[in-house]
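# An overview of the molecular structure
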Amino acid sequence: MIRTPLRPLARILEARSNGENPDAIERENIRIRHEQMRDRARKRAEGRLFVLGIMFTLSFVLIGGRMGVLANSEPTEPRSSVAGAQIVAQRADIVDRQGRILATNFETHSLYAQPEQLVDPERAADELVRIFPDLDRERLVKDFTGTRKFLWIKRKISPEQKQAVHDIGEPGLLFGPREMRLYPNGRLASHVLGGASFGREGVHAAEVIGVAGIEKEFDARLRDPAQSHEPLRLSLDLSVQAAIERVLYGGMKLMNAKGATAILMEVKTGEIVAVASLPDFDPNDRPRPPTEGDPTDSPLFNRAVQGVYELGSTLKIFTVAQALDMGLVNPNTIIDTKGPLRWGKHRISDFRNYGNEMSVTKVIVKSSNIGTARIAQLIGGERQKAFLKELGFLDPPPVEIVEADGAQPLLPRNWSELSTMTISYGHGISTSPMHLAAGYATLANGGRKVTPTLLHGATTEPGPQVISEQTARVSMDMLRKVVTEGTASFGEVPGYAVGGKTGTADKPKARGGGYYEDKVLSTFASVFPAHDPEYVLVVTLDEPVETSGDEPRRTAGWTAVPVAAEIIRRVAPLLGLRPQIEPGELAGITLTSN
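A brief structural summary. (Residues numbered from 1 in each chain as written. Predicted model: local features only at pLDDT ≥ 70, side-chain atom pairs only at ≥ 80, totals over all residues. Heavy atoms only, no water.)

## A short note on the overall build of the chain
Looking only at helices and strands, one finds 17 helices and 16 strands in the chain. Taking 2.2 N^0.38 as the reference for a compact globule, 594 residues should give roughly 25 Å; the C-alpha atoms of the chain span a radius of gyration of 40 Å, well beyond that estimate. Along the first, second and third principal axes, the C-alpha set of the chain runs to 160 × 75 × 50 Å. Within the span of the chain, comprising 594 residues, buried residues form 47% of the whole. In the chain, the share of contacts with a sequence separation of at least 24, taken over all contacts with a separation of at least 6, comes to 69%. A total accessible area of about 30,900 Å² is found for the chain, and carbon and sulfur atoms account for 52% of it. The distance from the centre of the 72 positive side-chain charges to the centre of the 73 negative ones in the chain is 5 Å. (Helix = DSSP H or I, 4+ residues; strand = E, 2+ residues; numbered from the N terminus. Rg over C-alpha atoms; globule rule 2.2 N^0.38 Å. Buried < 20%, exposed > 50% of the residue type's maximum accessible area, 1.4 Å probe, protein only. Contact = heavy atoms within 4.5 Å. Areas by Shrake-Rupley, 256 points an atom, 1.4 Å probe, with all protein chains shown as cover. Lys, Arg positive; Asp, Glu negative; His and termini not counted. Charge placed at Lys NZ, Arg CZ, Asp CG, Glu CD.)

## Things to note about the pairing of strand β16 (residues 535–542)
Counting buried residues along β16, 8 of its 8 residues qualify, which places the element largely inside the surrounding structure. Neither face of β16 is open: one carries Y535, L537, V539 and L541, the other V536, V538, T540 and D542, and all of them are buried. Two strands pair when backbone bridges link them, and strand β8 (residues 259–266) and β16 are joined in this way by 8 bridges, in the antiparallel orientation. Pairing of G259 across the sheet is with D542, part of β16. Relative to β16, strand β15 (residues 515–528) runs antiparallel, the two being bridged by 8 bridges. Bridge pairing links V527 to V536 in β16. (Pairing = 2+ DSSP bridges.)

## Quick word on the pairing of β15
As paired strands, strand β14 (residues 499–508) and β15 are joined by 9 bridges and run antiparallel to one another. Within β15, the residue paired with P508 across the bridge is Y515. What sits between the antiparallel neighbours β15 and β16 is a turn of 6 residues.

## Some points on the sheet that holds β15
Hydrogen bonds between backbone atoms are what pair the strands of a sheet, whose relative direction is either parallel or antiparallel. Spatial ordering of the open sheet is given by β9-β8-β16-β15-β14, a layout of 5 strands whose pairing is antiparallel. The open sheet has two free edges, formed respectively by β9 (272–278) and β14, since each of these has just one partner strand. Put simply, the sheet's adjacent strands are angled 10° from each other on average, direction ignored. Pairing geometry for β8 and β9, over 6 bridges, is antiparallel. Within the sheet, the bridge partner assigned to L264 lies in β9 and is A274. (Axes fitted to C-alpha atoms, helices over the stretch in contact; angles between N-to-C directions.)

## Section: the pattern of salt bridges
Considering all chains together, one arrives at 29 salt bridges under this definition. Measuring nitrogen to oxygen at the nearest pair gives 2.9 Å for the salt bridge that ties D219 to R223. Here D219 pairs with R223, and both are found in helix α8 (residues 219–223), just 4 residues apart, close to one helical turn. Classification of D219 as buried rests on a relative accessible area of 13%. A salt bridge links E566 to R570; the shortest N-O distance between them is 3.0 Å. (Salt bridge = Lys/Arg side-chain N within 4 Å of Asp/Glu carboxyl O.)

## With respect to a nonpolar patch on the surface
A cluster of nonpolar side chains, namely F50, V51, L52, I54, M55, F56, L58 and F60, defines an oily patch on the protein surface of about 870 Å² accessible area. Position of F60 among the secondary structure elements: in helix α2 (residues 22–72). (Patch = residues over 30% accessible without salt bridge, like charges linked within 9 Å, V, L, I, M, F, W, Y side chains within 5 Å.)

## Considerations on the nonpolar core
Counting 113 residues, the largest nonpolar core has L234, L264 and F318 as the members making the most contacts within it. Per element, the largest residue contribution to this core is 8 residues, and it comes from helix α17 (residues 560–571). F318 has contacts with F387, L391, F393, L436, G439, Y440 and L443, leaving out every residue within four places of it along the chain. In this structure, A113, L118, I131 and F175 belong to the second largest nonpolar core, which totals 19 residues. (Core = buried A, V, L, I, M, F, W, Y, C linked by side-chain atoms within 4.5 Å.)

## Some points on empty space enclosed by the protein
With the rule as written, the count across this model stands at 4 cavities of 30 Å³ or more. What the largest cavity holds in volume is close to 60 Å³. For the largest cavity, the full set of lining residues is L315, F318, T319, Q322, Q384, F387, L388, I423 and S424. Contributions of two or more residues to the lining of the largest cavity are made by α10 (316–326), α13 (381–391) and α14 (417–424). Classifying every residue of the lining of the largest cavity gives 5 nonpolar, 4 polar and no charged. Volume-wise, the second largest cavity comes out at about 50 Å³. (1 Å grid on protein atoms, 1.4 Å probe; cavity = no way out; pocket = protein on both sides within 12 Å on 5 of 7 lines; lining within 4 Å. Points joined across faces, edges and corners; volume = space filled by probe spheres on them. Nonpolar A, V, L, I, M, F, W, Y, C, P; charged D, E, K, R; others polar.)

## Description of the side chain of E546
Following the sequence through the fold, E546 ends up in the loop between β16 and α17. Judged by relative accessible area, which is 10%, E546 ranks as buried. Setting aside residues no more than four positions away along its own chain, E546 makes contact with M255, E551, P552, R553, W558 and T559.

Okay, here's the thing in structure tokens:
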């Protein structure tokens, strides 16, 4: 800034030459400078006051606007929440492998009351009870006439119910928007989907969270706003699932069983095409967990993964496959089957007397406990345990259902020689049908370990080679003969070359103390087509009894096998499998010379 001098030399000299007083010039310049300083200070003060006035005006406008919004908003009861947290209601759809909807979102409304605005509380309570019979009238009247300012009445209501409440004409009955989870297929695949419920709730939104099954396992992914437009695609096939559930239900009733489960799996990928557990439930109205009684009787109990059972003779093929792979036996090796086989005070017997000896193939075809136990003795306990560990039988099934994490197999505390023998034919170890399906898929796909999955198109690397391809092929031949010559003759489905193994296990008592004499778990683990395996089907019935004959029959050959055969007959065309003539064995050719 350039300042003008108070006594400019030019003017002083001029004043002196004119006889004027130079001090007057200085006083005039001081006056002008003070006036300029005053003007600048005034402008600065006026600017500050103007800015301050604008800030005050904006503050009052903001506060007034906020008060107006609060005055017009609907009151809610206070809730503890993280500051700034937003309720995200949108949830991604769940679809089957064909893109058909399994779970989606549905816009509906909630119903709440502001008792202070009710004109006639008692009439409002009467009308609400008429629309919603499950409400307690006395409780409503007490809440409506008390000191409460807010009251939830229904978290979700249908459009018809909303209209009925609207017709009451009470200004204190109000509606809030809701997004609820809808399962359009009802009970279909209920144990896989699990169900959803509300988490954090407000008047204008509610958080939808998974409570079981796939919904809970993939809760974070389904709630992720960045992926809400991309549905979660499962490996299930809706048509196949529906067919299996219908046949399984009919078979369960026909065989007088208390429960049943079925698993259909691709042998090459491990993708589960269908999995059913009965009894089931409707995830749109999920029942509460039982507080008393046997939890396995609850419809919420998923027998496919939570059901840890002794699966009986279905495990015999793994014993034989291991012995074949180790070179201890071949299909024609003769095994001593003279019984009973004694170990200390314990006796191992066969269902029938099959003679004093038979080949390894016949041990599987006739399902000899003694023969399998003899083979297990050749293998030894440590090697048997390591093999079952490699197959995945000793760990919870790695399938994407939250309930599977708790399905820990039951193993003997001391893996003795007796345990080795009993485990070889499916007793003394309890695993789930899902373990069994994955194990049979491993045999069927050439000996590579299969990891079951409910996700379609999941890129997974091939599992380790558990047994050789040659051993796997021989095992498939044996399983085919079980159907054509052995205990699973009712499992034959013309055109589809079914192979498999039956298993009938005595059911242990819930509180220990041995086994029931007249209750069994019957299982049929099957592969089709046996000469070119594509699918594994495991069917298990809980306490079945077939009563068409003179005496009740409970073995798997009479119960689980016919149900599995009917399932294959129904679903094979849905899977795109055409009936075909099974390749025959090549006749032996002998070269001769003239």
